[in-house]
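Structural overview
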Amino acid sequence: MTRLKLLTALVACILVLAACGGAPPAAAPTTAPEPTQASQAPEATAAPAEPAATATAAPISTGPLAEVPRNRTLILGWSITSPIGVTNPWAVPGYTHQEGNVFMWEPLMYYGIFSDQYIPWLAESMEYTNDDFTALEIKLNPAARWSDGEPVTSEDVVYTFEGQMTNDKLPYHASFDQFVESVEAVDDLTVNVTFKIPAPRFKFEVLTLKFDTGIPIVPEHALSAQPDVNAYPGGTEIPHSGPYKLVAWDANQKIYDLRPDWWAVEAGVSPKPEVERIVIFNIGGQVGQNMDTVVQRLVNNEFDSILDVRSSVAANILANNPAVTTHTGNNPPYGYLDWWPNSLWVNTQLEPYSDPNVRKAISLAIDRDTIDEIIYEGAQITTIFPFPLYPGLQAFVDTPEVQALIQEYNPREFNPEKSAELMTAAGFTQNGDGLWEKDGATVNMTIHGFEGIHSDIVPVLVEMLRNAGFDASINFGTDAYQNMADGKPGAYMFGHGASLLDPYAAFELFHSRYSAAVGTSAGNNRFSRYNNPEYDAILDQMAPLSAEDPRFQELAVQALEIYWRDQIDIPIIQWLHRIPYNQTYWTNWPTADNLAGGTNGAFWAHTGLIVVTQLKATQ
Amino acid sequence: MATVTAVPQPQFRQPGRARLLIGYLRRNLSLLIGLVMLAGLVLFTLIGLLTIDPKDAYPLSVPTRRPPSLEYPFGTDFFGRDLYAAMVVGLWQTALIGVLAGAIGTFIGTVLGFVSAYFGGWVDNTIKGICQILTPIPVLLIQIVIAGSLDKRYVTIYTMALIVVLLAWMGPTLVIRSQVLSMKERQFVAVAKLSGVSEWEIIFKEILPNLLPFIAAAFVAQVFSAMIASFYLAVLGLGPLREPLLGNIIWAAQSQGAFFNGWWWWPIIPSVAIVLILGSLALINMGLDELANPRVRRTE
Amino acid sequence: MKPVFLIKRFLFLILVIWSAATITFFIPRLSPRNPIRERFVELARMGGFSPADLEQIVASYSQRFGLDKPLYQQYFDYMSAVFRFDFGVSLNKFPKTTVELIMEALPWTIGLLLATTIIAFVLGNLLGAVAAWPKAPNWLRATATPFVLLMGVPPVIMGVLLLFFIGFRLKLLPLGGAYSIGTVPTFTLEFVLDAARHQILPALALILGSVGGWVLSMRGMGVTIQGEDYVTFAEHKGLGPFTIFRDYYLRNALLPQATGLVLALGAVVTNGIVVESIFGLPGVGRVLDQAIRSNDFIVIYGIVLFITIAVATLMVAVELLYPLLDPRIKLD
């Protein structure tokens with residue numbers, strides 16, 4: 001028997017042995033409030049010209065957590081992939097607003113897509129002061145304060161803008177460079193911006209936060225002290241103006257606690273937030289993976305909201321938990337229109353996609369009615385436009401001119417015979433496998449996409465394309481996005497995050513300014529590398545015009561005609577956010593029937609802060 | 001001189017081979033059950049291949065999301081695959097990967113094991129050493145990385161088999177090597193050597209036939225592990241996604257939230273299929289083990 | 001034991017590490033993909049910034065990782081780093097090192113694998129010995145059968161099925177995670193119980209499928225022992241059936257079974273990794289899963305190396321311990 005004991009002990013030793021190296025028990029940042037790891041890692045922060053965002057070496061926390069009951073806690077399910085400890089909006093690459101950092105940072109103004117109006121925030125007003133949109137005056141809210149008690153002043157705004165102008169690593173450097181002549185602080189609360197060229201959309205596109213675009217204001221007094229603002233992670237100590245403070249972040253979750261001294265309550269900008277703690281639980285993988293258990297946990301009231309779900313999943317969540325609702329309540333399509341309509345993009349500089357007839361043939365192979373029926377249970381989700389049909393854009397689409405274009409080009413047409421004719425005309429022949437072939441090469445239609453969000457639609461597209469003779473397959477690999485940016489052969493399933501009010505921003509994605517040569521990387525949403533001087537001329541005329549200008553409408557119709565005539569990309573679906581809102585602990589989510597803060601309900605988008613601060617506790 | 005009279009031969013009734021086999025199988029129950037299960041799966045595939053349209057195993061072929069019924073005995077999935085057709089084609093493809101990878105692995109292993117044991121010396125030390133050194137490496141992880149870095153157009157049933165076999169020939173090599181080693185010492189080989197039989201004749205006429213049960217056992221074990229490896233790759237979404245491989249179907253069901261949506265048949269049916277196929281192989285392997293190592297033969 | 005033997009074993013270890021490191025050095029360099037670039041393009045997308053200076057960032061990073069040096073130099077640097085137990089800096093979780101990531105996750109993995117392996121090993125061997133022992137009552141012998149049948153169920157399927165039936169349908173146990181949402185690990189009874197509850201399903205997924213293997217090998221050995229003269233002799237000597245069971249069946253099978261355990265370690269770790277990702281446990285499997293999904297090849301290969309070294313070391317350790325298990329064995 002001693003042998004048996006010995007053996008058991010041996011097995012134990014064996015397995016413990018593997019642990020030697022003295023691993024501390026998993027993340028126990030408990031006993032005493034320690035200085036955060038971030039401040040202990042000078043080599044990470046001080047290294048000059050460190051090109052990437054630096055994170056801390058371990059999970060971070062500000063000490064033991066205060067007790068917050070479940071009915072004052074908001075639990076959100078999301079895939080956290082950014083480096084631990086990065087909260088500084090200027091830490092690039094590495095910063096993202098999507099994983100809870102929206103609760104720390106505030107803009108001059110928000111835009112409420114459903115209330116269709118600007119929501120003044122750090123700024124009380126922001127107005128163009130002349131008719132040709134070349135001067136803008138910003139007046140700040142005098143009550144605005146950073147979390148360390150310092151006031152938010154025009155100095156911070158000037159620092160933020162000038163940073164974007166001079167620091168080419170920052171996301172809006174190109175826009176500032178293109179438009180902004182100078183930024184000037186008139187007094188503590190007033191900033192004047194002068195533009196090089198008319199900039200009628202700058203206030204909305206750049207200075208206003210909505211969806212995933214726009215810039216927040218950063219604290220001058222904290223960042224100017226950093227040797228390299230792009231390398232400073234921020235951690236828990238960076239002063240911020242938003243109501244929630246990061247208190248813990250490890251591999252499983254990020255926890256934010258409410259600051260009782262948030263300026264906006266006293267200033268009357270926001271109601272007093274009832275959510276005292278936000279836990280963003282890391283559901284792992286990429287966004288959209290492991291959904292089975294995630295949705296079940298929402299049904300079990302473990303989560304208050306999660307990222308958007310598939311149509312059928314939404315219906316089943318509603319059936320399983322009556323406390324859960326969606327944007328459209330219990331009715332399909334359970335969601336609201338996002339600004340990210342997806343196309344199959346191709347690199348228009350690359351054979352054989354450079355032939356508009358081939359692109360047209362691809363579009364003719366896609367049966368959009370069947371997609372609606374199979375994937376969206378009959379809801380009309382497929383689209384023929386590169387922009388979402390929000391009111392302003394719907395009005396544009398409803399004009400007789402656009403309707404005439406639809407008649408003329410019939411961009412929704414599904415017609416395999418016509419597709420075959422175009423391919424034959426383009427010099428292709430069908431090989432033994434029924435695939436189009438030219439000079440021994442089939443049409444590579446590997447669809448690059450993202451498993452979490454595209455695993456329903458892409459297999460169907462592949463089948464449709466194969467049936468029409470295109471050599472289609474699926475790539476959900478980690479290189480998918482890079483292949484899009486690099487313009488690799490194949491088709492890219494990706495959205496156009498651009499237009500909200502008028503079609504200009506979407507059309508601008510195809511301006512030859514962005515048609516980088518093959519071999520260089522293309523910017524976000526600029527994968528088509530389309531190059532057409534005729535098209536550029538139209539866009540350049542549109543740029544200085546406001547959307548109300550009749551000439552703008554005329555030009556927009558011309559641009560849309562070229563989009564369809566040349567089939568720059570192949571529009572497939574509108575993007576819907578079907579976000580389940582659990583009302584067990586929290587109500588007043590923004591829905592079709594309840595405006596709440598006037599924004600869309602995505603807690604990960606820039607307006608997520610407004611969603612959260614408007615929530616009402618049920619208990 | 002004594003006359004030689006013809007003595008009538010005693011009438012031994014040699015039992016027929018089939019009877020012997022049946023008798024043996026009755027004693028070796030695991031082999032019997034395993035073979036029956038495997039035969040059932042083969043039959044299912046054969047009958048299936050005759051009765052289905054292989055096109056139905058691919059998306060957009062039949063109405064979507066139907067639970068099992070008379071028309072669709074295994075139901076249909078979200079993408080409009082007939083799961084019955086998908087199982088027929090998928091079982092065949094899954095088996096193909098396993099058999100292909102198993103055969104290549106066993107072949108490499110047999111050759112290397114033979115060479116190693118028969119020639120001995122530094123050859124043996126090198127081959128044995130390489131096998132032992134490669135054994136602790138977590139092969140599956142390396143296979144995952146290789147599969148993940150391939151251009152998706154080149155991920156096919158055949159490349160899957162090659163990826164799987166790439167680092168999985170060490171097992172058979174070591175097994176065959178040790179068997180050849182022990183056989184070399186047996187009397188019949190020594191006798192053959194003394195009577196001047198050439199080396200090649202010894203290898204092919206004396207040793208190889210005696211090795212067959214071991215090669216068979218190694219082959220089955222190899223098919224088993226190749227199937228598990230390719231199954232893992234497919235479940236992770238690293239296989240040829242369009243093909244109805246069992247692992248792919250489970251991957252697709254998982255990514256569409258099949259359990260939560262109540263489409264239980266979609267992930268369950270391929271799961272049952274893979275359990276049956278792996279189970280039958282495990283039982284056969286166990287049975288062959290008894291055959292190859294008589295000491296383990298059951299007493300009852 | 002002789003020093004020559006020790007040296008041989010040590011050399012073996014070195015060779016294992018060297019060959020694993022060579023494989024992990026060359027595979028990513030044979031692939032046409034550039035994971036560093038992939039990662040930064042992805043970060044650029046998340047941050048919404050224009051990747052105008054991306055190539056510059058990538059180049060500077062490649063330099064940091066030494067990817068601009070000649071291949072033989074890179075190989076040499078890599079090897080020397082590996083033997084210093086430095087597996088590089090994570091691409092995805094920069095500037096964390098692979099070793100830091102592994103060490104943070106390791107306690108969870110060890111906890112789960114240690115417990116499940118011991119339970120499966122002990123249970124399997126007992127059941128296997130019982131199954132081969134003619135004196136055992138039939139019902140006891142029959143308990144081994146279901147475990148043998150479960151062998152054909154890969155842990156990934158087992159995990160999903162358990163999750164579905166026990167987690168989803170019966171709602172008996174948590175659906176994932178290592179502890180409840182919103183709690184932070186502490187050494188309180190409450191937390192430990194909460195964490196333990198979260199480990200039950202993953203543990204079952206690992207145990208149920210692996211008991212059968214031990215049952216079979218133990219039974220095989222038991223059957224062999226049964227025919228041995230010393231067992232017959234012991235029976236005639238009048239030793240009690242339990243004593244025979246313990247001293248003859250179990251003890252004799254111990255050594256080969258221990259060897260089997262070591263050989264199974266690779267599979268134990270692989271299965272553990274799969275189950276951890278299904279249940280979202282913060283162990284090494286999750287680190288690996290995330291590394292695979294973000295193509296963080298430095299972490300992937302760091303973990304491959306780590307597992308290789310751990311398994312090889314354990315193999316050697318057990319070999320050295322053989323004489324303790326069986327006095328007849330001398331190491332030379």
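The structure we're discussing is the one just above.
A few points on the structure. Per chain, the residues get numbers from 1 upward, laid out in the order the sequence is written. Labels follow written order: the first chain is A, the first ligand is 1, and so on. A pLDDT threshold of at least 70 governs which residues receive local features in this predicted model, and a stricter bar of 80 or more applies before side-chain atom pairs are shown or counted, although totals over entire chains, interfaces and linings include all residues. Only hydrogens and water are set aside when side-chain values are computed; all heavy atoms of the structure are taken into account.

A few points about the interface of chain B and chain C
Here is the rule we go by: Contacts between residues were defined by any pair of non-hydrogen atoms, one from each residue, lying within 4.5 Å. Summed over both partners, the accessible area (1.4 Å probe) lost when two parts come together is defined as the buried area. The term salt bridge refers to a side-chain nitrogen of Lys or Arg lying within 4 Å of a carboxyl oxygen of Asp or Glu. In the analysis that follows, any N or O atom pair within 3.5 Å is treated as a polar contact, provided that within protein one partner can donate a hydrogen and the other can accept it, and provided that, for residues neighboring in sequence, both atoms belong to side chains. Each helix corresponds to a stretch of at least 4 residues labelled H or I by DSSP, and each strand to a stretch of at least 2 residues labelled E; elements are numbered beginning at the N terminus. Residues are sorted three ways: Asp, Glu, Lys and Arg are charged, Ala, Val, Leu, Ile, Met, Phe, Trp, Tyr, Cys and Pro are nonpolar, and all the rest, Gly among them, are polar.
Facing the 34 residues of chain B at the interface are 40 residues of chain C. For the pairing of chain B and chain C, the buried interface totals around 3,300 Å² over both sides, and the portion due to carbon and sulfur atoms is 78%. Between chain B and chain C we count 0 salt bridges in total. Linking chain B to chain C there are 1 residue pair in polar contact (both at pLDDT 80 or more). Every element with two or more residues in the side of chain B that touches chain C is listed here: helix 4 (121-134), helix 5 (139-148), helix 9 (199-235), helix 10 (246-255) and helix 11 (265-292) of chain B. The element that contributes the greatest number of residues to the side of chain B that touches chain C is helix 11 of chain B, accounting for 8 residues. Among the residues forming the side of chain B that touches chain C, the class breakdown is 23 nonpolar, 7 polar and 4 charged.

Structural notes on a nonpolar patch on the surface
Residue and element names in this part refer to chain C. The condition that has to hold: In this scheme, patches are assembled from residues that exceed 30% relative accessible area and form no salt bridge. Like charges are connected within 9 Å, while nonpolar side chains (Val, Leu, Ile, Met, Phe, Trp, Tyr) are connected within 5 Å. Accessible surface is estimated by sampling points in the Shrake-Rupley manner with a 1.4 Å probe; for residues, cover comes only from the protein chains shown.
Together, Phe10, Ile14, Leu15, Trp18 and Phe83 line one region of the surface with nonpolar side chains, adding up to about 480 Å² of accessible area. The element contributing the most residues to the nonpolar patch is helix 1 (residues 3-30), with 4 residues. As for its placement among the helices and strands, Ile14 is situated in helix 1.

Considerations on helix 5 of chain B
Think of an α-helix as turning once every 3.6 residues; residues three or four places apart then point the same way. What counts is decided by this rule: We call a residue buried when its accessible area falls under 20% of the maximum for its residue type, exposed when it is over 50%, and partly exposed in between, using a 1.4 Å probe and counting protein chains only.
Taken across its 10 residues, helix 5 of chain B has 10 buried, putting it largely inside the fold. Within the span of helix 5 of chain B, buried status applies to Val139, Leu140, Leu141, Ile142, Gln143, Ile144, Val145, Ile146, Ala147 and Gly148 of chain B.

A closer look at the packing of aromatic side chains
Stated formally: Centres within 6.5 Å are what make two rings of Phe, Tyr or Trp a pair, Trp counting through its six-membered ring; a difference in plane orientation under 30 degrees is then read as stacked, over 60 as edge-to-face, and the rest as tilted. For a ring to carry a charge above it, either NZ of a lysine or CZ of an arginine must fall within 6 Å of the ring centroid while also lying within 35 degrees of the normal to the ring plane.
Considering all chains together, one arrives at 58 aromatic pairs over all chains under this definition. With centroids separated by 6.3 Å and ring planes inclined at 45°, the aromatic side chains of Tyr128 of chain A and Phe195 of chain A adopt a geometry described as tilted. Within this pair, whereas Tyr128 of chain A is found in strand 5 (residues 123-128), its partner Phe195 of chain A is found in strand 8 (residues 190-195), the two being separated by 67 residues in sequence. This pair shows no difference in class: Tyr128 of chain A is buried, exactly as Phe195 of chain A is. On the basis of an interplanar angle of 70° and a centroid distance of 4.9 Å, the ring pair of Phe164 of chain C and Phe165 of chain C is categorised as edge-to-face. With a relative accessible area of 42%, Phe165 of chain C lands in the partly exposed category. Aromatic rings pair up to connect Trp340, Trp345, Phe450, Tyr481, Tyr492, Phe494, Phe510, Phe527, Tyr563 and Trp575 of chain A into one cluster. Its end group placed over the ring of Tyr118 of chain A, Lys203 of chain A keeps NZ or CZ at 4.2 Å from the ring centre. The ring of Phe204 of chain A carries the charged tip of Lys210 of chain A above its face, separated from the ring centre by 4.8 Å.

Observations regarding the environment of Thr97 of chain C
By secondary structure assignment, the location of Thr97 of chain C is in the loop between helix 4 (71-83) and helix 5 (98-132). Placed 201 residues apart in sequence, Thr97 of chain C and Ile298 of chain C show a C-alpha to C-alpha distance of 9.2 Å.

Here's the deal with the packing of helix 4 of chain B against helix 7 (residues 170-184) of chain B
Residues and elements named next belong to chain B. Just so we agree on the cut-off: The axes are straight lines fitted to the C-alpha atoms, using for helices just the contacting stretch, and the angles between their N-to-C directions are given from 0 to 180°. Throughout this description, any angle smaller than 35 degrees is read as roughly parallel, any larger than 145 degrees as roughly antiparallel, any in the 65 to 115 degree range as roughly perpendicular, and the remainder as oblique. Two helices crossing with the near one rotated counterclockwise from the far one by less than a right angle form a left-handed crossing, whereas a clockwise rotation gives a right-handed crossing.
Contact geometry for helix 4 and helix 7: axes closest at 9 Å, N-to-C directions at 135°. In this view, helix 4 runs oblique relative to helix 7, as classed from their interaxial angle. By crossing handedness, the relation of helix 4 to helix 7 is classed as left-handed. Residues Asp124, Ile127, Lys128, Cys131 and Leu134 of helix 4 form the contact with helix 7, whose own contacting residues are Met170, Thr173, Leu174 and Arg177.

Here's the deal with the sheet that holds strand 23 (residues 570-573) of chain A
All names here are of chain A. Heads up, the condition is: In this scheme, strands are said to pair when DSSP sees at least two bridges between them.
Taken together, 5 strands build an open sheet; the order of strands is 21-20-22-16-23 and the sheet is mixed. Because the sheet does not close on itself, it has two edges, and the strands there are strand 21 (471-475) and strand 23. Looking at each pair of strands side by side, their axes are set apart by 30° on average, direction ignored. Sheet topology note: the strand 16 (residues 342-345)/strand 22 (residues 491-495) ladder contains 4 bridges and is antiparallel. Paired with Asn342 across the bridge in strand 22 is Gly495.

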